[in-house]
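# Structural description and commentary
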Amino acid sequence: MDRIKFTSKILRLAAFLIMLSAFVPCQAFAVEDIMSVYTDSYALDDSLKTDEEKQSQNLAAAEDAISKNFNDSVNKIIDATDSASSEQSVVIDTLKVKKAKAKRNWSTWRPDAKRAMWLALVIPGAGQIYNRKFWKLPIVYGGILGCIYAMRWNNQMYKDYSQAYMDIMDSDDTTDSYNDFLHLGVTITDDNISRYQTLFQKRKDFYRRYRDLSFFCLVGVYALSVIDAYVDASLSEFDISKDLSFRVEPAILNSGTSRNPLKSSALGLQCLINF
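Residues numbered from 1 in each chain as written. Predicted model: local features only at pLDDT ≥ 70, side-chain atom pairs only at ≥ 80, totals over all residues. Heavy atoms only, no water.

## Details of the overall build of the protein
A count of helical and extended segments in the protein gives seven helices and two strands. Reading the protein from its N terminus to its C terminus gives the helix and strand order α-α-α-α-α-α-β-α-β. With 275 residues in all, the protein has 17% of them scored as buried. Taking all contacts inside the protein whose residues are at least 6 apart in sequence as the whole, residues at least 24 apart take part in 55%. Here the protein has roughly 21,700 Å² of accessible surface; of this, 61% comes from carbon and sulfur atoms. (Helix = DSSP H or I, 4+ residues; strand = E, 2+ residues; numbered from the N terminus. Buried < 20%, exposed > 50% of the residue type's maximum accessible area, 1.4 Å probe, protein only. Contact = heavy atoms within 4.5 Å. Areas by Shrake-Rupley, 256 points an atom, 1.4 Å probe, with all protein chains shown as cover.)

## What about the packing of aromatic side chains?
Scanning the entire structure with this criterion turns up seven aromatic pairs. Ring plane angle 15° and centroid distance 5.5 Å describe the contact between Tyr161 and Tyr207, whose orientation is recorded as stacked. Taken together, the residues Tyr161 in helix 5 (residues 137-169) and Tyr207 in helix 6 (residues 193-234) connect sequence positions 46 residues apart. You'll find Tyr161 and Tyr207 in the same group, each marked buried. Summarising the aromatic geometry, the rings of Phe215 and Phe216 are spaced 5.8 Å apart at their centres and angled 70° between planes, so their arrangement reads as edge-to-face. Note on Phe215: relative accessible area 42%, which makes it partly exposed. Using a relative accessible area of 57% as the deciding quantity, one classes Phe216 as exposed. Joined through ring pairs, the aromatic side chains of Trp153, Tyr161, Tyr196, Phe200, Phe206, Tyr207 and Tyr210 make up one cluster. Of note, Lys204 hangs over the ring of Tyr165, and the distance from its end group to the ring centre comes to 5.6 Å. Lying across the ring of Tyr158, Arg211 places its NZ or CZ 5.0 Å from the centre. (Phe/Tyr/Trp six-rings, centres within 6.5 Å; stacked < 30°, edge-to-face > 60°. Lys NZ or Arg CZ within 6 Å of the ring centre and 35° of its normal.)

## Topic: helix 6
Since the α-helix advances by 3.6 residues per turn, residues separated by three or four positions end up pointing in the same direction. For helix 6, spanning 42 residues, the distance from its first C-alpha to its last is 61 Å, which sits close to the expected 62 Å at 1.5 Å a residue. Those residues of helix 6 lying buried are Tyr196, Phe200, Lys204, Tyr207, Ser214, Leu218, Ser225, Val226, Ala229, Asp232 and Ala233. Of the surrounding secondary structure, the elements contacted by the buried residues of helix 6 are helix 3 (113-122), helix 4 (126-130) and helix 5. (Expected span 1.5 Å × (residues − 1).)

## Observations regarding the side chain of Gln128
Tracing the backbone shows Gln128 in helix 4. From its side chain, Gln128 meets the backbone oxygen of Ser225 in a polar contact 3.0 Å long. Here Gln128 is in contact with Lys133, Phe134, Lys136, Leu137, Val140, Ser225, Asp228 and Ala229, once residues within four sequence places are set aside. (Polar contact = N/O pair within 3.5 Å; in protein donor to acceptor, adjacent residues only side chain to side chain.)

## Considerations on unusual backbone geometry
Positive phi values are uncommon outside glycine, yet Arg132 reaches one of about 60°. The topology assignment puts Arg132 in the loop between helix 4 and helix 5. For Arg132, a relative accessible area of 37% translates into the label partly exposed.

## Re a negative patch on the surface
On the surface, a cluster of negative charge is contributed by Asp170, Asp172, Asp173, Asp176 and Asp180. Here Asp170 lies in the loop between helix 5 and helix 6. Exposure remark for Asp170: the relative accessible area of 34% places this residue in the partly exposed category. (Patch = residues over 30% accessible without salt bridge, like charges linked within 9 Å, V, L, I, M, F, W, Y side chains within 5 Å. Salt bridge = Lys/Arg side-chain N within 4 Å of Asp/Glu carboxyl O. Lys, Arg positive; Asp, Glu negative; His and termini not counted. Charge placed at Lys NZ, Arg CZ, Asp CG, Glu CD.)

## Some remarks on the state of the cysteines
One pass over the structure, following the stated rule, counts zero disulfides. This cysteine, Cys147, is not joined by any disulfide, and Cys217 carries the nearest cysteine sulfur, 5.2 Å off. When its relative accessible area of 12% is taken as the criterion, Cys147 is described as buried. (Disulfide = S-S within 2.5 Å.)

As structure tokens, then:
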């Protein structure tokens, strides 16, 4: 439609110029020139349309290339993400398998001395359990329980003898708890009361001293359990192979006090330690 309109306009212009040339002799226009102008205009129109088609084709090709590059980039990112996630899942599965399969080899395991010491400080006997020396537990707990029992029993006897001593020292006849400690048929009179007063005082002091001693023994057993756990863990890496040896043999010792070897020498024992 645009071409038809353009052609009609050219024809009208040609007709107008022919009429004008008839009335104006000085202006001579040939029809052939007008037709050449039309032909050139038509060719220019075709070239413009060809350029537009080429530009549209170039734009379409550029869009296709950009879309293709974008799709390729997205696919590469997706592939990289999938591969990274698959590698991560493989690593996680490998770690899980290692954790599930990893078992402690007790034949080559060596305890940590500081950890054994702190365990023994917090819980008596825990250091021995950590060192896997279970046979020491009866010794540790037996010593602790024995000291607790001795401390409690001596404390009870101290209280009983203290009350009996206070009763025998006062002048109140209603307070006679000391009779519980007398043998059958024995009574306290003015002749033997001083002897029993001294006896009850000594017994009171005796049980008080052993009560305090039981407490110190309890602390000593606790301290020994801690020391044993620490030393045992420290000596777990001590070399006890056959290369270690201790040998004692006779030797001649030279003191160097005289030039005469008979006077400056003496017989003795020489100790050799190989490690």
